[in-house]
Number of protein chains: 2
Amino acid sequence: MAQDTFSKEETLAMRRRLIGHSCRLFYSDDPVKIIRARGQYLYDEHGKRYLDCISNVQHVGHCHPSITEVAAAQMDLLNINTRFLHDNMVQYADRLAASLPDKLCIFYFVNSGSEANDLALRLAQQYTQHQDVIVLDHAYHGHLMSLIDISPYKFRKLSGQKEWVHVAPLPDTYRGLYREDHPNPGDAYADTVKDLIDEVHSKGRKISAFFAESLPSVGGQIIMPQGYSTKVAEYVHSAGGVFVADEVQTGFGRVGTHFWAFQLQGEGFCPDIVTMGKPMGNGHPLACVATTVEIAGAFTANGVEYFNTFGGNPVSCAIGLAVLDVIEKEDLRRNATKVGAHLKQLLTQLQTRHDIIGHVRGIGLFVGLELVTDRRTRAPATKTAAEVVKRLKEQDRICVSTDGPWENVVKFKPPMCFSIQDADLVVRCIDRIITVSSERGCTLLHLQACVQLNNTSKAT
Amino acid sequence: MAQDTFSKEETLAMRRRLIGHSCRLFYSDDPVKIIRARGQYLYDEHGKRYLDCISNVQHVGHCHPSITEVAAAQMDLLNINTRFLHDNMVQYADRLAASLPDKLCIFYFVNSGSEANDLALRLAQQYTQHQDVIVLDHAYHGHLMSLIDISPYKFRKLSGQKEWVHVAPLPDTYRGLYREDHPNPGDAYADTVKDLIDEVHSKGRKISAFFAESLPSVGGQIIMPQGYSTKVAEYVHSAGGVFVADEVQTGFGRVGTHFWAFQLQGEGFCPDIVTMGKPMGNGHPLACVATTVEIAGAFTANGVEYFNTFGGNPVSCAIGLAVLDVIEKEDLRRNATKVGAHLKQLLTQLQTRHDIIGHVRGIGLFVGLELVTDRRTRAPATKTAAEVVKRLKEQDRICVSTDGPWENVVKFKPPMCFSIQDADLVVRCIDRIITVSSERGCTLLHLQACVQLNNTSKAT
């Protein structure tokens, strides 16, 4: 194992030589080399500390000692495929089942959110014997070929939209079709799905699945309006399709009040398939699909084995169990609720002083800060958002990034041990950066006015 | 972490209740519960030892202490995504590059052989701007939707053959079109690919890739005839396609004499894309795609990021490096060469005494024993193969399994520390089982003859 074997320049040169350039770096102008991490803090090759606001994968904190301990003990004892019986997988499935509504009681373990979403699509199509899929605008469900097909965020730049994929409006009440002034945006957005289903039917096609993140992330850290999912599920079920909740980014207590983000839609709502991934193994490649007896039964009925070489192995499941233990023992959902509310409150206060902050939204430690150049038109302030990311890194050593179709939403998805002090720090720094930026903006505006005046004088 | 928390019956009951039944168990009538392992040995809940002849994933041996040590140290230090710079990934890519021909110098790290093959398909299609793929009969390339499409072993039972997929004959010199008596089976089989390309062209379609395992595994532990790949590569390149070598099962020295199985085809042959997986992390979910500067360049040129959440993280790459170190330090390729040759020799001796052994083939620790009911017709002895698997487990606690379209090839793909004594034991046990089985067969034949004689007497 190499630790800081090479200078940063050497590492970068080797990376450019050996790794496909499609694999991009954060801060590509001056990337960060990290050599150790703990909790919500990263340390570069000089020992300089960065506050990490974005590593949602390292869910219970970077390098949590109890996860490492469990992983090492299980690695020393046994790692084998699931064609042999082992307690870890069934115990882990049992623990996950306890977190879900009763009907989601059958599990398939895989290695990544992408593998989970690919399998979910197979399950949906096999069960319904229909092909078509409805997805939300700007959605991203993974890097596999099947998932690029159902990810408008990707397919618009690549292969284009397939005839079996249909894009519903993103239920974004800040920037979308129906906004905060609408009496019932949940119903109104659900009706757009109903209309889409009617359109699909009119072409003689049939819906296998409505596929959506419980809180659309790449779409811009969107909080679904109340009532949306229940109504959509009704329409989709009527069409013979199933509701797939992609919880790859949002599960495992990130929203604080609930273990799963789909539960924010109320007890009356239950998806037919739930996919999970990123936070599940705290960085270890581990993901899962949960579904119903009926859907799993239809998949079994095709008579073909599903074998995933690494999926569900004793080490992965031991790590998954350890992550659940830490979430409970350290009461991380409570922390996410508390710190997330505090962060949102601070950002909302900031909004009263900075016109550029168009919208603050979030729940638990899933928070978005949407920047706009004009509050009335809501024109995205993409450049300022990029500047905030860059200056937070350079001046304050704080890592955040942006999301949304216009990359103008500063997103916060930190490890769940993120503290009140961390929230205070990042908001204070954002305040300073926006203040300087707007002053410079005024100066720039003033300068432009002067130049214009000067030019006008010359012209006359 | 749970260790033998439940009785075997409880584990089995929980598994049946909680895990999709498409995920099958070995020895489904009486599955084995394994709770620890070391080297090439598995131990059940009663401490009974099983000799493992099939876990090719646990490549350098189950629970190798130096892998565990490295993994735990890196888990304690840092695990983060590859948007940050880190030495492990570039160092690992550099080590892999040293094992490959110079032109295969660009790497993409992923979590499973399936993810690797899906990406390989994307790379091939993006680079060539063609769609069609040629695969070998009975091939299996993974569980993802895109890979079921290019796996005759799966699509024949599921969605059927897509118009862009073309199946070439398996270059099997024991059972295929051209056999051991053919003067040049390599060229003859390559010509079947040429004919297929001509047929594809005549439909106005274009080849993106010829996609094949370097030694077809599910196809029946097939050893490609000499000259085949070089010739196929010529034809595929002429058609504007690329040659993808799936080394997911066969890489990392399994064949002993070479690090990659494609190298068995001689120095004149080099694939354009190589995918790797199973043995790479000794059980840790780790896989990779290696390709050329030109193909990677075309993939970058589409302007779309390729991000794999867990792929290439510091823990995975530390484990990958540790596996390479063990292969070298313990000279496991030499062991594979020596023990594999010994195993093949013993099985070949067995063949002189048992008519049911139609063919013995293999290289290094990739060995197949093909059973037939008739050496002339080569009719597959599927039942006897199943019986060998069952009796080896029940009577001798030895795990083997079968492959091939008729499940009549007993396969050996053990951890690379498999010993001469292990080989002696398994062959001795197979000898005994086949002897008893054929005696019982004779008795049965004798009984049938008596019954027939008896019936005949009655009739007259």
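Where an unreviewed UniProt entry is consulted, chain A appears under the name 5-phosphohydroxy-L-lysine phospho-lyase, with the organism given as Gouania willdenowi. In its Sequence similarities (unreviewed entry) section, the UniProt record describing chain A reads: "Belongs to the class-III pyridoxal-phosphate-dependent aminotransferase family." In its Cofactor (unreviewed entry) section, the UniProt record describing chain A reads: "pyridoxal 5'-phosphate".

Under the defined criterion, the tally for this structure stands at 48 salt bridges over all chains. Between Arg95 of chain A and Glu328 of chain A there is a salt bridge whose closest N-O contact spans 3.6 Å. Placement of Arg95 of chain A in helix α3 (residues 87-99) and of Glu328 of chain A in helix α10 (residues 314-329) is noted, with a sequence separation of 233 residues between them. Across the pair Arg156 of chain B and Asp137 of chain B runs a salt bridge, and its minimum N-O distance is 2.8 Å. Residue Arg156 of chain B is located in the loop between α6 (152-155) and β6 (165-168), and its partner Asp137 of chain B is located in the loop between β5 (132-136) and α5 (145-148); the two are separated by 19 residues in the primary sequence.

With that settled, consider the sheet that holds strand β4 (residues 106-110) of chain B. Residues and elements named next belong to chain B. The mixed open sheet is built from seven strands, whose spatial order is β4-β10-β9-β8-β7-β5-β6. Two strands in the sheet have a free side with no partner beyond their single neighbour: β4 and β6. Strand after strand, the sheet turns through a mean of 20 degrees between neighbouring axes, direction not considered. Bridge count between β4 and strand β10 (residues 287-291): five bridges; the pairing is antiparallel. Across the sheet, the residue bridging to Phe107 is Ala290, located in β10. Packed on one face of the sheet, helix α8 (residues 228-238) meets β5, β7 (207-213) and β8 (242-246) and runs near 140 degrees to β8.

Another point: the interface of chain A and chain B. At the junction of the two partners, chain A supplies 106 residues and chain B supplies 106 residues. Taken together, the two surfaces of chain A and chain B that pack against each other cover about 9,600 Å², and 63% of this comes from carbon and sulfur. For the pair chain A and chain B, the number of links is six salt bridges. The salt bridge involving Lys33 of chain A is made with Asp87 of chain B; its shortest N-O contact spans 2.9 Å. Here the element with the most residues in the side of chain A that touches chain B is helix α2 (residues 65-77) of chain A; it accounts for ten residues.

So, on to the domain arrangement of chain A. Residue and element names in this part refer to chain A. Here chain A is described as being made up of domain 1 (29-63 + 332-444) and domain 2 (65-329). Between the C-alpha centres of domain 1 and domain 2 the distance comes to 27 Å. Domain 1 puts 39 residues into the contact, and the matching count from domain 2 is 37 residues. Between domain 1 and domain 2, roughly 3,100 Å² of surface is buried when both sides are summed, and carbon and sulfur atoms account for 54% of that area. Our enumeration of links across domain 1 and domain 2 arrives at two salt bridges.

Scanning the model with the defined rule gives 31 aromatic pairs over all chains in all. Judged by centre distance (5.9 Å) and plane angle (45 degrees), the ring pair of Phe26 of chain A and Tyr27 of chain A falls under tilted. Seen in terms of ring centroids, Phe299 of chain B and Tyr306 of chain B are 6.3 Å apart; in terms of plane orientation they differ by 55 degrees. Their pairing is tilted. Owing to a relative accessible area of 2%, Phe299 of chain B belongs among the buried residues under this scheme. The ring of Tyr41 of chain B is capped by Arg49 of chain B, whose NZ or CZ atom sits 3.8 Å from the centre of that ring. Over the aromatic face of Phe307 of chain B sits the side chain of Arg83 of chain B, whose NZ or CZ is 3.6 Å from the ring centroid.

Counted according to the given criterion, the structure contains zero disulfides over all chains. The closest cysteine sulfur to the non-disulfide-bonded Cys417 of chain B is located on Cys63 of chain B, 11 Å from its own sulfur.

Residue and element names in this part refer to chain B. Burial analysis of β7 places seven of its seven residues in the buried class, the great majority of the element. Sheet topology note: the β5/β7 ladder contains four bridges and is parallel. Residue pairing in the sheet places Val135 in a bridge with Phe211 of β7. Note on the crossover from β7 through α8 to β8: the handedness is right-handed.

A water-sized probe, rolled over the atoms, reveals where empty space remains. The full count for this structure, using the stated rule, is nine cavities of 30 Å³ or more. The volume enclosed by the largest cavity comes to roughly 160 Å³. Along the walls of the largest cavity sit 18 residues, with Met75, Asn79 and Val315 of chain A together with Asn282 and His284 of chain B positioned nearest its centre. Elements represented by at least two residues in the lining of the largest cavity include exactly α2 (65-77) and α10 (314-329) of chain B. Among the elements that make up the lining of the largest cavity, the one with the highest residue count is α2 of chain B (four residues). Residues belonging to the lining of the largest cavity are distributed by class as follows: eight nonpolar, ten polar and no charged.

Cut-offs and rules
Residues numbered from 1 in each chain as written. Chains lettered and ligands numbered in written order. Predicted model: local features only at pLDDT ≥ 70, side-chain atom pairs only at ≥ 80, totals over all residues. Heavy atoms only, no water. UniProt positions renumbered as here; feature names shortened; annotations may be inferred. Salt bridge = Lys/Arg side-chain N within 4 Å of Asp/Glu carboxyl O. Helix = DSSP H or I, 4+ residues; strand = E, 2+ residues; numbered from the N terminus. Pairing = 2+ DSSP bridges. Axes fitted to C-alpha atoms, helices over the stretch in contact; angles between N-to-C directions. Contact = heavy atoms within 4.5 Å. Buried area = accessible area lost by both parts, 1.4 Å probe. Domains from an automatic or database assignment. Phe/Tyr/Trp six-rings, centres within 6.5 Å; stacked < 30°, edge-to-face > 60°. Buried < 20%, exposed > 50% of the residue type's maximum accessible area, 1.4 Å probe, protein only. Lys NZ or Arg CZ within 6 Å of the ring centre and 35° of its normal. Disulfide = S-S within 2.5 Å. Right-handed = clockwise from strand over helix to strand, strands pointing away. 1 Å grid on protein atoms, 1.4 Å probe; cavity = no way out; pocket = protein on both sides within 12 Å on 5 of 7 lines; lining within 4 Å. Points joined across faces, edges and corners; volume = space filled by probe spheres on them. Nonpolar A, V, L, I, M, F, W, Y, C, P; charged D, E, K, R; others polar.

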